[in-house]
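Notes for the structure review
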Amino acid sequence: MINAIKASPEVALLIQESTIGVADYRSTTMLSIYDDLDYVFSFEVIYAGSAGRVRFASQPLKMVLGTEHTMLLSGTLDSPAVTIWEAPERDFGAAETIFEARFAHTAESRGNLDFYFAAPGVAPAIGQAVGTLAFGEILPSVDFEAGDYVLTLTEADLPGSVVFESDATPFLLGTQSTIASFDGGANTSAPMIVKTYTRSGSSVSEATILDINFPSMSEFVHASLAMNSVDIYNEEITATSLPWVSGHNFKDVTNEVALPIGDNPFIYVPTGLIAPALINFVVNDSGGGRARTLAVGLDAAFLISTYLPDRRPFDTAAKLQVYNSSTNFGAVDIYIVNADTLIDEQFPKIYGVPTATPTGAALLPAGSYDIYLTEPSEKEVLAGPIRLNANLGDVFGGIIYDMVDPALLEFVLITESQNP
């Protein structure tokens, strides 16, 4: 099963009443083998605050001997669609130097697309596409010689209207790959990404292919109380250099910018000066993400800390992910309690978050909450209450900052995205 429901959490796949596996958005369950009989497959998710999984769809399927069946789960949790793809099982001979690929259109926001799959340097041209697909369709398997290939997607019959272009990507002999397009979403800089699901023997591995035309993005946050106002340069500083950001003060947040890859550094210096370098770092880009980059730390130990906020909404929960930039406290507990509830008899929602560390995403039912911060295993409030009104599908972030009073903290709530 491939999960193409954008706003779903992990979906559990069941055969009859037995769980086969779970798959997050754009992911797949592992290959399972069954007798050629009639079965009912079901799909379930967990809603925040629920005691167990909720079933939202079922699909009868007659298994056919010698056939691999793939279920594409798309639509929404309220209105799901299950599409069945079938392909004959395949064994490769020891002397073969080929791999097998089939191409699928699973980018729900797009119309018909042409799929080009060729050696590096070969541009798309009319008549050279491996096929044209509408959403939910998959092409029959095609054999290719093992090696490096570039995948290019264009609008149908318009080879110059490119909507996705990969770097050269290796494909190994004796493998079977399903190559599927997806909408990018809130966590990626590109409007589209591609996933490969590759079968080798009885195992299945996943990989992401990124669009080379969309580098990673990041916003920059000044999160060090000890570091005064700074200028930020995005290149080596010379006498004629101009800062990328001037007068970047504590708690300031920049706009998102593309992250240069390679030898181009980001350099922090005191505002109005070109030295000394308080922070100097080079981006090691993993590609395609929307990051948050924070300057944290104390005098003589300023550092950069980068994480990828989880901005993808769920239909089953509101999300809250917190970053702790405080150096006055080694770690904090985070309480998220029903509004107007004291924490005396409550337990933290998130325990012991260290300095310069993001939490995972806390999943919350719709409701009104108060957030408090304490030292680990303590009840003395360092910050709060901070009111959070949440609906299903809302996504929030938060940053914990030091204050001039070293006995207190500040919690700044960020609205990452909200349902309309």
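Above this text sits the structure in question.
In this report, we go over the structure that sits alongside the text. (Residues numbered from 1 in each chain as written. Predicted model: local features only at pLDDT ≥ 70, side-chain atom pairs only at ≥ 80, totals over all residues. Heavy atoms only, no water.)

Observations concerning the overall build of the protein chain
- Each helix and strand in the protein chain was counted, giving 0 helices and 34 strands.
- With the C-alpha coordinates aligned to their principal axes, the bounding extent of the protein chain is approximately 70 × 60 × 40 Å.
- Going through the 420 residues of the protein chain one by one, you find that 46% of them count as buried.
- Across the protein chain, the fraction of contacts at a sequence separation of at least 24, relative to all contacts at a separation of at least 6, is 60%.
- If you average the places of the 19 positive and of the 51 negative side-chain charges in the protein chain, the two averages end up 5 Å apart. (Helix = DSSP H or I, 4+ residues; strand = E, 2+ residues; numbered from the N terminus. Buried < 20%, exposed > 50% of the residue type's maximum accessible area, 1.4 Å probe, protein only. Contact = heavy atoms within 4.5 Å. Lys, Arg positive; Asp, Glu negative; His and termini not counted. Charge placed at Lys NZ, Arg CZ, Asp CG, Glu CD.)

Regarding the packing of aromatic side chains
- A complete count under the given rule lists 22 aromatic pairs for this structure.
- A centroid spacing of 5.3 Å and a plane angle of 80° characterise the contact between F117 and F171, whose relative ring orientation is edge-to-face. Separated by 54 residues along the polypeptide, F117 in strand β9 (residues 113–118) and F171 in strand β14 (residues 169–171) bring together distant segments of the chain.
- Assessed through its relative accessible area of 8%, F117 is described here as buried.
- Among the residues examined, F171 registers a relative accessible area of 8% and is labelled buried. (Phe/Tyr/Trp six-rings, centres within 6.5 Å; stacked < 30°, edge-to-face > 60°.)

Digging into the sheet that holds strand β32 (residues 381–390)
- Strand order in this open sheet of 4 strands is β28-β27-β31-β32, and the pairing throughout is antiparallel. Taken across any chain shown, the strands that pair with only one partner, and hence form the sheet edges, are β28 (350–354) and β32. Each neighbouring strand pair of the sheet contributes to a mean axis angle of 25°, computed without reference to strand direction.
- Inspection of the sheet shows strand β27 (residues 331–338) paired to β28 by 3 bridges, in the antiparallel sense. (Pairing = 2+ DSSP bridges. Axes fitted to C-alpha atoms, helices over the stretch in contact; angles between N-to-C directions.)

Here we look at the pattern of salt bridges
- Under the defined criterion, the tally for this structure stands at 19 salt bridges.
- Three or more residues joined by partner-sharing salt bridges are found here, namely E17, E44, R53 and R55. (Salt bridge = Lys/Arg side-chain N within 4 Å of Asp/Glu carboxyl O.)

Thoughts on the nonpolar core
- Core analysis: the biggest nonpolar cluster contains 23 residues, and I334, I336, I371, L373, I400 and L409 have the highest contact counts within it.
- Within the residue set of this core, elements represented by two or more residues are β26 (318–324), β27, β28, β30 (362–364), β31 (367–374), β32, β33 (395–402) and β34 (409–417).
- Considering every element that reaches this core, the biggest residue donor is β32, with 5 residues.
- Sequence-distant contacts of L409, that is, excluding residues within four places in its chain, are made with S326, F329, V332, L373, L382, A383, I400, Y401, D402 and M403.
- Counting residues in each nonpolar core, the second largest holds 20 residues, with F103, F117, L133 and L139 among its members. (Core = buried A, V, L, I, M, F, W, Y, C linked by side-chain atoms within 4.5 Å.)

Details of the pairing of strand β5 (residues 53–62)
- Where strand β4 (residues 38–46) and β5 come together, 9 bridges link them in antiparallel fashion. Opposite V45, over in β5, you have V54 as the bridge partner.
- Linking two consecutive strands that pair antiparallel, namely β4 and β5, is a turn of 6 residues; a positive phi of about 85° is found at G49 within it.

Some thoughts on the sheet that holds strand β8 (residues 98–105)
- Reading across the sheet, the 5 strands line up as β11-β8-β15-β16-β17 and stay open at both edges, with mixed pairing between neighbours. Either end of the sheet is taken by a strand with one partner, and the two such strands are β11 (142–145) and β17 (203–209). On average, each strand axis in the sheet is tilted by 30° relative to the strand beside it, whichever way the strands run.
- By the bridge criterion, 8 bridges tie strand β15 (residues 176–183) to strand β16 (residues 192–200) in an arrangement that is antiparallel. What sits directly across from S177, in β16, is T198.

Here's the deal with the environment of Y369
- Tracing the backbone through its elements, the reader meets Y369 in strand β31.
- With relative accessibility at 7%, the residue Y369 sits in the buried group.
- Put simply, Y369 and N391 are 22 residues apart on the chain and 11 Å apart in space, counted from C-alpha to C-alpha.
- Other than its neighbours up to four places away in sequence, Y369 contacts I336, V337, N338, A339, L364, I386, R387, L388 and A390.
- Side-chain polar atoms of Y369 contact the backbone oxygen of P365, separated by 2.6 Å. (Polar contact = N/O pair within 3.5 Å; in protein donor to acceptor, adjacent residues only side chain to side chain.)

A word on the side chain of H248
- Assignment of secondary structure puts H248 in strand β20 (residues 245–248).
- The exposure class of H248 is buried, given its relative accessible area of 3%.
- Among the polar contacts made by the side chain of H248, one reaches the main-chain amide nitrogen of H222 at a distance of 3.3 Å.
- Ignoring anything within four residues of it in the chain, the contact list for H248 reads F220, V221, H222, N228, S229, V230, I232, V253, T254, Y268 and T271.

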